[in-house]
Amino acid sequence: MSTPPAAVVLSELQQATLQRLVDTFAPEVAREDDPTGFWARRGSDLGVDAAIAQQLGSGAVPEDQVEGVRQLLDALAAQGFDNAPQEVREAILHGFMDADPAALGGLSGLRALTFLLFYAIPDPATGKNPNWEAIGYPGPRAVPPSPEDAPKTIPVTRPSGAGADLELVADVVVVGSGSGGGVIAGKLAGAGKDVVVLEAGGYYNESDFNQLELWAYQNLYRAGGLAQTAEGQIALMTGANLGGGSTVNWTNCLRTYDWVREEWENVHELEGLAGAEYDRHLDEVSARIGVTDACSDANGPNQRLLDGAAKLGIDGRVITRNADPDRYDADLAGLMGFGDVSGAKLGTLKTYLQDAADAGARFVVNCRVERVLVENDRATGVEGTYVDAEGVTARVTVRAPTVVVAAGALDTPALLLRSGIGGPAAGDYLRLHPATAVNGIYDEGQKAWWGAPQSALSMEYNNLQDGYGYLVETSHASPGVSGSSVPWETGEQHKADMARSSISSALVFLIRDRGHGRVTVDDAGNPVHLYPFSDGVDLANFRHGLRTMALMHEAAGAQEIVTLHRKRLHWSRSSGESIDDFAARVIAAPLTPFEHATFSLHHMGSARMGKDPKTSVAGPFGELHDVGGVWIGDASAFPTASGTNPMLTTMALAHRTAEAIAAS
């Protein structure tokens, strides 16, 4: 079945203004030396404006947001935007963004989408983006193996046809297949339970992984990788595929901090977290997913982190990763965020989900679960909708006395709220590990696309105050995300910054957030993620992290440093400004919505475990306080933020919960 054409939602004038807007963000710049055509290439030359219009008409964008774009384009046109020269158009945009918060939000979104497409959309003929050569990004470096050479080894169950309901009966139904749900499915199926796994995303493996950024966001990530908090302050990225986040994450395997374990046991009464019993769960999971330090080669950014830490006399260390040394290929590892074509990544797809399949579990992909079925305060199953890539739609019902909700901390509480279960804390205490990057420009190539995205980190400031602090790490090389994050003051400046990508290294940090947000649902039952980034300790730690990364770059030899504030903050070694003075400017700069690029790849705590039903959703082992047989099986069960990349903690807690379910 072919995809229906997008509706026409913009007038001819609005479409013309959108084209001028795209070409203002990514304009033609006169340069004599332009062998690849990068400087002359406009956004509309790659069809960016048409792609944005198609997205607006696809039905995926809420109507109120589409109407906001229409009004914004009309307002720009009324200012003479369409016929003004580049410099005037840039001034008009800055005036709008400085004067009107609504315009700032709208233009920030359109700017980010413009650059995501401009630097990531592939040419149909070559499979590569024409801007990659100029920015030093090599793009895909392996032809995916054929389905015969890399077969999909997990059988999936599908409806018999359009409109044909799918009804299954099982002992356990697991909603979600990521780091939590995958572990629980594998352990319970191995214990002899009849398990059905429902996954909202599709099933992809090495034969599908073409190493293209846009393809990955559209097929492997939740909401196409474009979600953000309701305030617009934090971008939200998480996996949505069979294997969940473990298919697209960067394989950083960090054990839960001792002080976090003690807090969870002593304050939230999670039994056994502080001692040997939880160590056993960590050890068993680590063994199953092959945690090793044998595949932690340092690319430029990771080496700069280690160099900077050594020069400053602070902690710097090599991390351990879940990878198969026999299949690991450093040249391919750098693109693992788009799916690991080498097959070396040992996420749940390769481990616990395969264990479940081998033990007879059944899998339904492309299935969004809408409601947990409850009778007499006991679980009886779930209901959902199956929609595949061909447009086949069917109702799915699984009857089971045990329901594991492991849809991720952005969606698990929404499922509980739609079902009217979970109690007053359902959706509350959402933690996000707010994160950002600071870019350093060096004298030599950094090869950020080579080797694992994260192979080094610094824990120097992980406990600045009462267990709260931050980690310094590195990032995946993603030209579209980089383009959307690099500050834009002028089209020429943005292109100049991007042209130096090959000699740039991004250091990132994430804070363990003390403050929290909340997940609610709108009238249609869709999740809404509220997160006021305003806690005093969190903001202080965030600014401390920005300062530290500037100091680390300078110590590692960076010639220039650029932050991700909207109003570009730049330091040059040749400027004469001290690094401390620059750091003071960075600390003073605003962090309010749309004034600074802030991200979250770790989502936790929105259906947390604890003893008190007023402040927690589930008991100390994961079963809901108010409904028997419903268990929380993902990072939403965390009582607080972990402060570390959460995969290993999620898996260990899920391992613990699986044993509790098996014994119940």
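On a predicted model such as this, the values are computed, not experimentally measured, just so you know. Numbering of residues starts from 1 in each chain and follows the order in which that chain's sequence is written. Thresholds applied to this predicted model are a pLDDT of at least 70 for local features of residues and 80 or more for the giving and counting of side-chain atom pairs; totals over whole chains, interfaces and linings are not thresholded and use all residues. Calculation of side-chain values draws on the structure's entire complement of heavy atoms; hydrogens and water are dropped beforehand.

Engineer: Break down the overall build of the chain for me, citing the residues and quoting the values.
Structural biologist: Secondary structure summary: the chain contains 20 helices and 24 strands in total. Relative to its length of 664 residues, the chain is compact, with a C-alpha radius of gyration of 24 Å against a globular reference of 26 Å. For the chain, the spread of C-alpha atoms along the three principal axes comes to 70 × 60 × 50 Å. When accessible area is computed with a 1.4 Å probe and restricted to protein chains, residues below 20% of their type maximum are described as buried, those above 50% as exposed, and intermediate ones as partly exposed. Out of the 664 residues in the chain, the part that is buried amounts to 59%. Only heavy atoms enter the contact rule, under which two residues are in contact if any of them lie within 4.5 Å. Sequence-distant contacts, at least 24 apart, represent 75% of the contacts inside the chain between residues at least 6 apart. Areas reported here follow the Shrake-Rupley algorithm with a probe of radius 1.4 Å; residue values treat only the protein chains shown as occluding. For the chain, the exposed surface amounts to about 24,200 Å²; the carbon and sulfur share of it is 50%. When charges are counted, Lys and Arg contribute as positive and Asp and Glu as negative, whereas His and the chain ends are disregarded. Positions of charges follow a simple convention, taking NZ of Lys, CZ of Arg, CG of Asp or CD of Glu. Between the averaged position of the 50 positive side-chain charges in the chain and that of its 83 negative side-chain charges there is a distance of 2 Å. Helix and strand assignments come from DSSP, with helices taken as H or I runs of at least 4 residues and strands as E runs of at least 2, each series counted from the N terminus. Our radius of gyration looks at C-alpha atoms and nothing else; its globule reference is 2.2 Å times the residue count to the power 0.38.

Engineer: Help me get a handle on the environment of Gly201, residues and values and all.
Structural biologist: As for its position among the elements, Gly201 is in the loop between β3 (195-198) and α8 (213-220). For the pair Gly201 and Glu32, spaced 169 residues apart in the sequence, the C-alpha separation amounts to 47 Å. What Gly201 contacts, discounting residues up to four positions off in sequence, is Ala240, Asn241, Val365 and Asn366.

Engineer: Explain helix α5 (residues 101-120) to me, using residue names and the numbers behind them.
Structural biologist: Compared with the 28 Å implied by 1.5 Å per residue over 20 residues, the 28 Å span of α5 between its first and last C-alpha is a close match. Among the 20 residues of α5, 15 are classified as buried, and the element is accordingly described as predominantly covered. Here the expected span of a helix is defined as 1.5 Å times the quantity of residues minus one.

Engineer: Break down the packing of aromatic side chains for me, with residues and values.
Structural biologist: Ring geometry is summarised as follows: Phe, Tyr and Trp rings, the Trp one being its six-membered ring, pair when their centres sit within 6.5 Å, and such pairs are stacked at plane angles under 30 degrees, edge-to-face over 60 and tilted between the two. Applying the stated criterion to the full structure yields 17 aromatic pairs. Ring geometry for Tyr470 and Phe509: centres 5.6 Å apart, planes at 65°, overall edge-to-face. Taken as a pair, Tyr470 in strand β17 (residues 470-474) and Phe509 in strand β18 (residues 504-511) lie far apart in primary sequence, 39 residues in all. Both residues of the pair, Tyr470 and Phe509, count as buried. Joined through ring pairs, the aromatic side chains of Phe25, Phe38, Trp39, Phe115, Phe118, Tyr119 and Trp488 make up one cluster. Think of it as a cone above the ring: NZ of Lys or CZ of Arg counts as a charge over the ring if it is within 6 Å of the ring centre and within 35 degrees of the ring normal. Sitting over the face of the ring of Tyr468, Arg512 holds its NZ or CZ atom 4.2 Å from the ring centroid. Cation over ring: Arg608 sits above Tyr429, and NZ or CZ is 3.5 Å from the ring centre.

Treat this as a map of the structure, not an account of what it does.
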